[in-house]
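# Structure at a glance
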Amino acid sequence: MNSPRERILARLKAAPQTAAPLRPDWAPPAYDASARKAKFKAMLEASHADVHEVTAADWPQRLKTILANKGVGNMVYAPATPAGRQLADSWAGSGPELLAYDRPVEDFKEVLVAKADAALTTARGGIAQTGSLVLWPTSDEPRLMSLLPPIHVALVEESSLTDSLAETIRVQGWASGMPTNAVLVSGPSKTADIEQTLAYGVHGPKELIVLLIGKD
Amino acid sequence: MAAEASKMEFGAKAHVALNDPKLRANFRRAMDGLMTKRAAQFADEAEWNALRARGAAARANALAKLPELLEQLEANCLRNGIHVHWAETTAEANAIVLGILEAAGARTVIKGKSMVTEEMHLNAHLEKHGITPVESDLGEYIIQLAGEAPSHIVMPCIHKNKTEIAELFHDKIEGQPYTENVDELTAAARAALRGAFAGADAGISGVNFAVAETGTLVLIENEGNGRLSTTLPPLHIAVTGIEKVLEKLDDVPPLLSLLPRSATGQPITTYVNMISSPRKEGEKDGPKAVHLVLLDNGRSRVHGDTELRDTLRCIRCAACMNHCPVYTRVGGHTYTFTYPGPIGKLLTPQIEGLDCAGDQPHASTLCRACADVCPVQIPIPDLLVRLRTESVRPTQGQAVKGAGSSATTSETLGWKGWTLLYASPLVYRIGTKMLGWFGNLMPSSAPMLKQWTSVRTKPKFAPKSLHELAREKGYCDE
Ligand code: SF4
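Here the structure is a predicted model, which is why all the values come from computation and not from measurement.

### Quick notes on the side chain of Ser300(B)
When you line up the elements, Ser300(B) lands in helix α13 (residues 299-303). In this structure the side chain of Ser300(B) is engaged in a polar contact, spanning 2.5 Å, whose partner is the side chain of Asp296(B). Once residues within four sequence positions are removed from consideration, Ser300(B) is found in contact with Arg11(A), Leu12(A) and Ile242(B).

Below, the structure written as structure tokens:
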């Protein structure tokens, strides 16, 4: 018994045993389809996010307008994802400059930290109860996209909305394998550390724009 | 940290804090706000009761199976490529973190908010060895600039108002003009810390929940600094107390619903960050190595007592301190140690010893506000009473560290005398007679009376006892 590990475990195992209590019933809220979407939008908007209802075909054009109104100069995107391809195809010469995150961060850090104005990612799902986006970054759509640029644009399909995190974990089978990183995002970065006064964009994005793709 | 008995200074510090109108105003404003926001979150009594029962059960479950779950967590982390380290003491944990950093040649470290690293005094340790830690949570950054310790476990700089912060930034951040505008102050911190994030050789974070089933570290935050600290630098070291483990992913949602709602009245934090492995082949960002340091520091001893074990259910939401009539008036620094408020006065003496922090369980009115709001149903007042008892009369076998240390010879003798007095009718009669005759001659500065009479009038002994008066009236006392 000479390692700290063994000593700690030995002490814990020597402790008097108590029965593990049963987990009492508890059910997170459930919504019907229209209430689900309304709740998702309302919660996100309450957290200072902008939600736009779009279609699978028109979202790149809608995004172009939104970004133009904000005077956004460039946007980081994931060239190898279907959404990234659709974006690039419809961008064609107009709109903010597209910056492809197609190499390791070591070669892209400067762009992400100092140059990028915005970034577009997809979301694997959305949670109505808390107005949260479920992000599972991949090698094609890396983690820092939703974090470093001042504006984060997220695409989420209405059909992927769930009522609660508990439901998401269950229906998406999270327990059988988690990715390197999974993130729930419920608004832009914020702080209330100075006199409980809300301020946005302290380290992460100042703005969160959610494009909610309708079912049709 | 080996702390000495001289740390028993709550009373003296409380006195100073109570006479500091600025400090009291800062806390009052903040605590009133947090209490109102929390109350709005739990307006539905039935939902609150069902949720906290589930949350408490999830935590109690983890503690009942703690050694097995830690082994499972370790196995799953290792399988996922996360290195796992065990530390019995804060000194060991500091040495482990330093060793990892030195092996990687790291010189600067960016830190997400972590109370465990405060418990370890990790920053001081790293600085001593030439490594620069930069706190990135805005509140932590502010107190690091000021050279202070956190005064609250969720809102570390709650003791400061914006005038103080404006002066601090103007003073410490190069080129920063004086401004009390919160957006401008926040932007100044963002600008100052961007470079620190980009240049950091490593990131250090705490952990809110460690899920044994999948080997996942769950971290919650609002600012994004936690995600940055755990994503941008090439190396991530997560430090956690051994009690933070959960059995299953299914235990996360109820606790995640309880924690931010209890802490700041938010339905959820802006970010819930779940880390299960370092950067995999082909992935473009994320740290190339992730280390998990499991710190005991007295927790396994707390776990050994089935009653006090409940202390370890804590999810560090700070609701108990926000609602504590003592904490809200004296502030966090009065508690000297890392964890203030009700959870602090319960946890600290168990970790540091009753001989060292034995005054803390007494810093409570036992009003039960903490127990009412605790999302995992820790019976804090009952456990405080247990610690008070332990400090003078240790339990056989399961003694708390430093148990019995408050027992004094004069008090022990006093109680022995008391027992004697009440056990024998003759001695009792003689005793009360003597007090009736001579008690009023005792000056209020007499050794046994001095402390009592410093804030109270000296009791006046009646010439005749109740027994005698009753007997004179013809009542029979046999
Ligand atoms: S003891 Fe309860 S109320 Fe206090 S911080 Fe811990 S979980 Fe929150």
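### Considering helix α5 (residues 90-103) of chain B
Residue and element names in this part refer to chain B. Taking 1.5 Å as the rise per residue, α5 with 14 residues should run 20 Å; its terminal C-alpha atoms sit 20 Å apart, in good agreement. By the burial criterion, the buried members of α5 are Thr90, Ala93, Asn94, Ile96, Val97, Leu98, Ile100 and Leu101. Once α5 ends, the next one or two residues include Gly105, with phi positive near 70°.

### Things to note about the site of the ligand
Looking at the ligand, the residues that line it are Cys314(B), Ile315(B), Arg316(B), Cys317(B), Ala318(B), Cys320(B), Ile343(B), Cys374(B), Pro375(B), Val376(B), Ile378(B) and Ile380(B). In terms of residue class, the shell around the ligand is made up of eleven nonpolar, no polar and one charged.

### Concerning the pattern of salt bridges
Applying the stated criterion across every chain, the model contains 36 salt bridges over all chains. One salt bridge in this structure joins Arg5(A) and Glu74(B), with 2.7 Å as the shortest N-O distance. With Arg5(A) in helix α1 (residues 4-14) and Glu74(B) in helix α4 (residues 66-80), this residue pair bridges two chains. We classify Arg5(A) as partly exposed; its relative accessible area is 28%. Under the relative-accessibility criterion, Glu74(B) is labelled buried at 11%. Its salt-bridge partner being Lys288(B), residue Glu106(A) comes within 3.7 Å of it at the nearest N-O pair. Of this pair, Glu106(A) sits in the loop between β3 (97-100) and α5 (109-115) while Lys288(B) sits in the loop between β9 (271-275) and β10 (289-295), which puts the two residues in different chains. By relative accessible area, Lys288(B) is classed as exposed at 54%. Connected via shared salt-bridge partners are Arg7(A), Arg11(A), Glu88(B) and Asp296(B).

### Remarks on the nonpolar core
Grouped burial of nonpolar side chains is what soluble globular proteins tend to show. Ranked by size, the top nonpolar core spans 95 residues in total, and within it Trp174(A), Leu184(A), Val97(B), Leu101(B), Ile204(B) and Ile237(B) carry the most contacts. Taken domain by domain, this core gets at least three of its residues from each of domain 1 (41-297) and domain 2 (302-392) of chain B.

### A word on the UniProt feature "domain: LUD" (unreviewed entry) in chain A
Residues annotated by UniProt as "domain: LUD" (unreviewed entry) correspond here to residues 38-213 of chain A. Segment residues 38-213 of chain A splits into 26% helix and 28% strand. End C-alpha atoms: 14 Å apart.

### Some words on the side chain of Arg54(B)
Looking at the secondary structure, you find Arg54(B) in helix α3 (residues 45-64). Among buried Asp, Glu, Lys and Arg side chains, Arg54(B) stands out as unpaired, with Asp251(B) the closest opposite charge at 4.9 Å. Not counting residues within four places of it along the chain, the set of residues in contact with Arg54(B) comprises Arg23(A), Pro24(A), Trp26(A), Asp250(B) and Pro254(B).

### Thoughts on the interface of chain A and chain B
Taken together, the 73 residues of chain A in the interface contact 91 residues of chain B. At the boundary of chain A with chain B, total buried surface from both sides reaches about 7,300 Å², with 59% on carbon and sulfur atoms. Counting every contact that joins chain A to chain B gives ten salt bridges. Linking chain A with chain B are 47 residue pairs in polar contact (both at pLDDT 80 or more). Taken together, the elements giving at least two residues each to the side of chain A that touches chain B come down to α1, α5, α6 (165-171), β9 (181-185) and β10 (190-191) of chain A. With eight residues, the top contributor of residues to the side of chain A that touches chain B is α1(A). Note that β9(A) and β9(B) share five bridges and pair antiparallel. What sits directly across from Leu184(A), in β9(B), is Val272(B).

### Quick look at the packing of helix α3 (residues 59-70) of chain A against helix α4 (residues 82-91) of chain A
All names here are of chain A. Between α3 and α4, the least distance of the axes is 9 Å, while the angle of their chain directions is 70°. What the angle tells us is that α3 and α4 run roughly perpendicular. Crossing angle aside, the handedness with which α3 passes α4 is right-handed. Residues Trp59, Pro60, Gln61, Leu63, Lys64 and Leu67 of α3 pack against Ala83, Gln86, Leu87, Ser90 and Trp91 of α4. Residues of the contact of α3 with α4, tallied by class, amount to seven nonpolar, three polar and one charged.

Procedures and definitions
- The written sequence of each chain sets the order in which its residues are numbered from 1.
- Written order determines the labels here, with chains lettered from A and ligands numbered from 1.
- pLDDT decides what is reported in this predicted model: residues at 70 or higher carry local features, side-chain atom pairs at 80 or more are listed and counted, and totals for whole chains, interfaces and linings draw on all residues regardless.
- Hydrogens and water molecules were not included; the side-chain quantities draw on all heavy atoms of the structure.
- The secondary structure listing takes helices from DSSP runs of H or I that are at least 4 residues long and strands from runs of E that are at least 2 residues long, numbered from the N terminus.
- Polar contact is the term for a pair of N or O atoms within 3.5 Å; when the atoms are in protein, one must be able to donate a hydrogen and the other to accept it, and sequence-neighboring residues count only if both atoms are side-chain atoms.
- The contact criterion used is simple: two residues touch if any of their non-hydrogen atoms lie within 4.5 Å.
- What a helix should span is 1.5 Å times the count of its residues minus one.
- Buried, partly exposed and exposed residues are distinguished by accessible area as a fraction of the type maximum, computed with a 1.4 Å probe on protein chains only: under 20%, between the cut-offs, and over 50%, respectively.
- Being near a molecule or strand, for a residue, means having at least one of its heavy atoms within 4 Å of it.
- In this classification, Asp, Glu, Lys and Arg are treated as charged, Ala, Val, Leu, Ile, Met, Phe, Trp, Tyr, Cys and Pro as nonpolar, and every other residue, Gly included, as polar.
- For this document, the term salt bridge refers to a Lys or Arg side-chain nitrogen within 4 Å of an Asp or Glu carboxyl oxygen.
- Side-chain atoms within 4.5 Å are what join buried Ala, Val, Leu, Ile, Met, Phe, Trp, Tyr and Cys residues into a set we call a nonpolar core.
- Boundaries of every domain are those given by an automatic assignment or by a domain database.
- UniProt positions are given in the numbering used here, feature names are shortened, and annotations may be inferred rather than shown by experiment.
- Counted as positive: Lys and Arg. Counted as negative: Asp and Glu. His and the chain ends are not counted at all.
- What gets called buried area is simply the loss in accessible area from a 1.4 Å probe that two parts show on being joined, summed for both.
- Two strands pair under a simple rule: DSSP has to find at least two bridges between them.
- Working convention: axes come from line fits to C-alpha atoms, limited for helices to the stretch in contact. Angles between N-to-C directions cover 0 to 180 degrees.
- Comment on the angle field: the value is read as roughly parallel under 35 degrees, roughly antiparallel over 145, roughly perpendicular from 65 to 115, and oblique elsewhere.
- Whether a crossing is left-handed or right-handed is set by the direction in which the near helix is turned from the far one by less than a right angle, anticlockwise for left-handed and clockwise for right-handed.

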